[in-house]
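Structural overview
One letter stands for each residue in the lines below.
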Amino acid sequence: MTFGSANRRGGGPGDFAARLGRVERLLSAKGGAAGAAAPLTLLGLVLRYQAGRVPVATVVTAAGAVAAGAELRLAAERFPLLDLPAAVAPIAAEIPLAVAALGTDLPDPLLAGGMALTGATDEEREGLVEQWLDDPATPEPVLGFWVRVAGGPILEGGRAAIATPSRDEWTGAACPACGGPPQVSVIAEESGEFMGGSPRSLVCSRCAGWWTFPRVKCTWCGEGDPRRLPSFVPDERKVARIDGCETCSSYVKTFDLREAGGIEMVPLVDDVATVSLDLWANDQGLARHMVSFAGV
Ligand SMILES: [Zn+2]
Ligand SMILES: [Zn+2]
């Protein structure tokens, strides 16, 4: 078992402050937020709220309950490692709080979705959370948005408390901790841990954890033929690229942190800042499964 590499990186599970810092630097840099100022501003509002929830007693307790038993499940090779049923009621209880704190600062469709959830019953909110935990693509996007905002501090807190499975223990395309789909893909040097190669990791859209994944493999359909997996670097910045798949016409955005500018990147934030790449990929007929906070 390799411990915690996901937790050492800035912006990893529970580190909302590092992500917020990256948002603020991008928004203040000249040209740094080209075309992405609105979604970055929205992401900043969400991250500031989530950072404030991390130390709250009910959130700390829920994160602990979600992480409990993870070592036993890993030993028994039972994935995902987090206790997701334990997350349902606490996340559902967080939703009205998130709407009350953020709703009026957000665009109309999100505010309307939030108001509908505030007026719903506990059972309805819990049903929505269960649906989202089962497959985050199932709920209506404006409702899924609120579950994601409300659930982040709890799931990330749980993820930060457990060890990262090694590549021998898990090579799947879903997050080994929470079962969520990957948001982005990252290539980074890992000094001493892996010899003679730059391992690829996927970054979870729900708990922000990282896990290793083969370099030449589609994250959605499992295609492994390199001739069907073209990479596109639409502009001169090699640090961000589109890894496409001709078999299922999907793509994942990959950040090569070894390239110029990679050191400052926080993948879950830079995913939103590079929305122009998503628009470019869509023009090529490629689609992504987990949209970014930019809604693309
Ligand atoms: Zn996860
Ligand atoms: Zn594919």
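Before going into details, it helps to say that this report is about the structure given with it. These numbers come from a predicted model, not from an experiment.

Tallying secondary structure elements over the protein gives 11 helices and six strands in all. Rg of the C-alpha trace for the protein: 18 Å, near the compact-globule value of 19 Å for 296 residues, within the 12% margin. In the protein, buried positions account for 50% of the 296 residues. Taking the contacts inside the protein whose residues are at least 6 apart along the sequence as the reference set, 63% of them involve residues at least 24 apart. When the accessible surface of the protein is summed, it comes to about 13,000 Å², and 55% of that surface belongs to carbon and sulfur atoms. Within the protein, the 35 negative side-chain charges are centred at a point lying 6 Å from the centre of the 26 positive side-chain charges.

Bringing the packing of helix 6 (residues 85-102) against helix 7 (residues 108-118) into the picture now. Interhelical geometry of helix 6 versus helix 7 gives an angle of 135° and a closest axis separation of 9 Å. When the axis of helix 6 is compared with that of helix 7, the two are oblique. For the pair helix 6 and helix 7, the sense of crossing is left-handed. Residues Ile95, Pro96 and Val99 of helix 6 lie in contact with helix 7, whose contacting residues are Gly114, Met115, Leu117 and Thr118. Grouping the amino acids of the contact of helix 6 with helix 7 by side-chain chemistry returns five nonpolar, two polar and no charged.

What counts and how
- Residues take numbers from 1 onward in each chain, read along the sequence in its written order.
- Each chain gets a letter, beginning with A, and each ligand a number, beginning with 1, in the order they are written.
- It should be noted that, the model being predicted, local features are given only for residues of pLDDT at least 70 and side-chain atom pairs only at 80 or more, the latter also being counted only at that level, while totals for whole chains, interfaces and linings use all residues.
- No hydrogens and no water enter the side-chain calculation; it runs on all heavy atoms of the structure.
- Each helix is a run of H or I in the DSSP string that is no shorter than four residues. Each strand is a run of E no shorter than two, and both are numbered from the N terminus.
- Only the C-alpha atoms count toward the radius of gyration. The rule for a globule is 2.2 Å times the residue count to the power 0.38.
- Exposure is judged per residue with a 1.4 Å probe applied to protein chains only, and the accessible area is read against the type maximum: over 50% gives exposed, under 20% gives buried, and values in between give partly exposed.
- By definition in these notes, contact holds between two residues if any of their heavy atoms fall within 4.5 Å.
- Each accessible area is a Shrake-Rupley result for a 1.4 Å probe, and residues are judged covered by the shown protein chains and nothing else.
- The convention is simple: Lys and Arg are positive, Asp and Glu are negative, and His and the chain ends are not counted.
- By convention, the point assigned to a charge is CZ for Arg, NZ for Lys, CD for Glu and CG for Asp.
- As a rule, the C-alpha atoms of each element are fitted with a line to give its axis, helices using only the stretch in contact, and angles between N-to-C directions run from 0 to 180 degrees.
- Angle categories: roughly parallel below 35 degrees, roughly antiparallel above 145, roughly perpendicular from 65 to 115, and oblique for all the rest.
- Handedness of each helix crossing follows the sense of rotation of the near helix against the far helix: counterclockwise by less than a right angle gives left-handed, clockwise gives right-handed.
- Classification used: nonpolar for Ala, Val, Leu, Ile, Met, Phe, Trp, Tyr, Cys and Pro, charged for Asp, Glu, Lys and Arg, polar for all others including Gly.

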